[in-house]
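Listed here are the chains, written in short residue letters.
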Amino acid sequence: MKYSEQAFERAEAELSRRRKRAEEIHIKRTEEINRIAPEIAVLQRSLSNTGAELMKLVMEKREDTAEIIEKVKEKNLRTQETIKDMLQVVKGDRNYLDVPYSCAICGDTGYSGGARCECLKGLLKKYTIEEINSNCHIKLHDFTEFRLEYYDNTSINGAVPREKMAQNYQFCRDYALNFGKGSPSLFFFGRTGLGKTFLSSCIAKQLTENGFNVAFGSILDFLRAVENERFGRAEGDTLEILINADLLILDDLGSEFQTAFNESALYDIINSRINLDRPTIISTNLSASELNGRYNERIVSRITGCFDPIPFIGKDIRHVKRQFKY
Ligand SMILES: [Zn+2]
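About the criteria used
Residues numbered from 1 in each chain as written. Predicted model: local features only at pLDDT ≥ 70, side-chain atom pairs only at ≥ 80, totals over all residues. Heavy atoms only, no water. Axes fitted to C-alpha atoms, helices over the stretch in contact; angles between N-to-C directions. Helix = DSSP H or I, 4+ residues; strand = E, 2+ residues; numbered from the N terminus. Parallel < 35°, antiparallel > 145°, perpendicular 65-115°, else oblique. Left-handed = near helix turned anticlockwise from the far one by under 90°. Contact = heavy atoms within 4.5 Å. Nonpolar A, V, L, I, M, F, W, Y, C, P; charged D, E, K, R; others polar. Buried < 20%, exposed > 50% of the residue type's maximum accessible area, 1.4 Å probe, protein only. Polar contact = N/O pair within 3.5 Å; in protein donor to acceptor, adjacent residues only side chain to side chain. Donors = N, O, S within 2.8 Å, 3.2 Å for Na, K, Ca; no water. Tetrahedral: all angles 85-135°; square planar, octahedral: opposite > 155°, others 65-115°. Phe/Tyr/Trp six-rings, centres within 6.5 Å; stacked < 30°, edge-to-face > 60°. Lys NZ or Arg CZ within 6 Å of the ring centre and 35° of its normal.

A. Quick peek at the packing of helix α2 (residues 38-60) against helix α3 (residues 65-91). The contact between α2 and α3 brings their axes to 10 Å, and the two run at 165°. Judged by the inter-axis angle, α2 sits roughly antiparallel to α3. Relative to α3, the crossing made by α2 is left-handed. Contacts between α2 and α3 pair E39, I40, L43, Q44, S46, L47, T50, L54, L57 and V58 from the former with T65, I68, I69, V72, N76, T79, Q80, T82, I83, M86, L87 and V90 from the latter. Broken down by class, the residue content of the contact of α2 with α3 amounts to 13 nonpolar, eight polar and one charged.

Here's what the structure looks like:
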């Protein structure tokens, strides 16, 4: 996986912030313990003196050095346990004087055993997705901004748009709240201006706030980026990021150019994510017959077989919105 220099710089800066914060807390806690429980501080100093003692022993080259070192180690372990027991009594936390790093594996350095730690990989992935999303220019919205009154309250072909949208809204909120690896893939379909992109963006915002990696953009922009990278016109790994994001939202299926490359890349993305059990949300203004006419059978059958259909109905709310004075 290739990451941009910018993603590395941001990850380094974040890790450095985390280390600094952990060390500041550690210093404050050490001062507090010195003040309220000086007996613990005395034990701690005795621990830090043993390093010098051991060094002296090694220099003296005594015959029983190994034996003494073993004893000192045992004593140190006992002292450490005593300190922890005392911290439990004083602060209710045995590990109160450990440096509270966000990642206990790497101590917020980003590396463990010479390899990238999972925490660094997570940050690189997060920042890379943010870069990709920022190139796609779709504004994120909050569920609280949703206005049901924009939707018509009269029946159209036996269904009331406002009722249907109330269901869709509730469904999307629940989806975002309960999101996980087994969540279903969704297919938002209906005419332009019915809130498909809006509700997708609400899901994207909520999941991002909950710590998930969400790649969200128009299919046109995503496929253009993939193509530019494939033919060496740009640097990056958009295809891999789209396949591996926790949630991928492909907005406006049908807006991309109809080329063999796009069709193959699109199938690759959708199919790989299904195989990896990673949910995808696709939205489109295309009707069922337009979808069938435009895409080959294997893409259509993946969408119809593996995505839950969510219909959006009613009149284009962009006209209705102008009548409301918010
Ligand atoms: Zn780590």
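Still more to cover.
B. Up close: the side chain of R294. Looking at the secondary structure, you find R294 in helix α10 (residues 288-294). Note on R294: relative accessible area 17%, which makes it buried. Here the side chain of R294 touches G254 through a polar contact of 2.8 Å, landing on its backbone oxygen. Engagement of the side chain of R294 in a polar contact is seen with the side chain of Y295, the distance being 3.4 Å.

C. Structural view of the coordination of the zinc ion. At 2.3 Å from the zinc ion lie its protein donor atoms, namely C103 (SG), C106 (SG), C117 (SG) and C119 (SG). In this structure, the zinc ion is surrounded by four donor atoms whose angles at the metal cover 98 to 117°, and the resulting shape is tetrahedral. Expressed as a motif, the donor residue spacing for the zinc ion is C-x2-C-x10-C-x1-C. With a gap of 14 residues between them, C103 in the loop between α3 and β1 (111-112) and C117 in the loop between β2 (115-116) and α4 (118-134) connect regions that are remote in the sequence. Residue classification places C117 among the buried positions, given a relative accessible area of 4%.

D. Up close: the packing of aromatic side chains. Applying the stated criterion across every chain, the model contains ten aromatic pairs. Here the aromatic rings of F171 and Y175 are separated by 6.3 Å at their centres, their planes lie at 25°, and the arrangement is stacked. Residue F171 and its partner Y175 are both found in helix α5 (residues 161-177); the two are separated by four residues, about one turn of the helix. The class for F171 is partly exposed, based on a relative accessible area of 32%. An aromatic cluster is built from F143, F146, Y151, Y169 and F198, whose rings are joined through pairwise contacts. Sitting over the ring of Y267, R298 keeps its end group 3.8 Å from the ring centre.

E. Molecular detail of the packing of helix α9 (residues 260-275) against helix α11 (residues 297-306). Relative orientation of the contacting elements α9 and α11 amounts to 30°, with a least axis distance of 10 Å. Here α11 runs roughly parallel to α9, going by the angle between their axes. Here α9 runs over α11; the crossing is left-handed. Across from E263, L266, Y267, I270, N271, I274 and N275 in α9, the residues of α11 making contact are R298, I299, R302, I303 and C306. Looking at the contact of α9 with α11, its residues break down into seven nonpolar, two polar and three charged.

So far we have only geometry, and geometry alone does not tell us how the molecule works.
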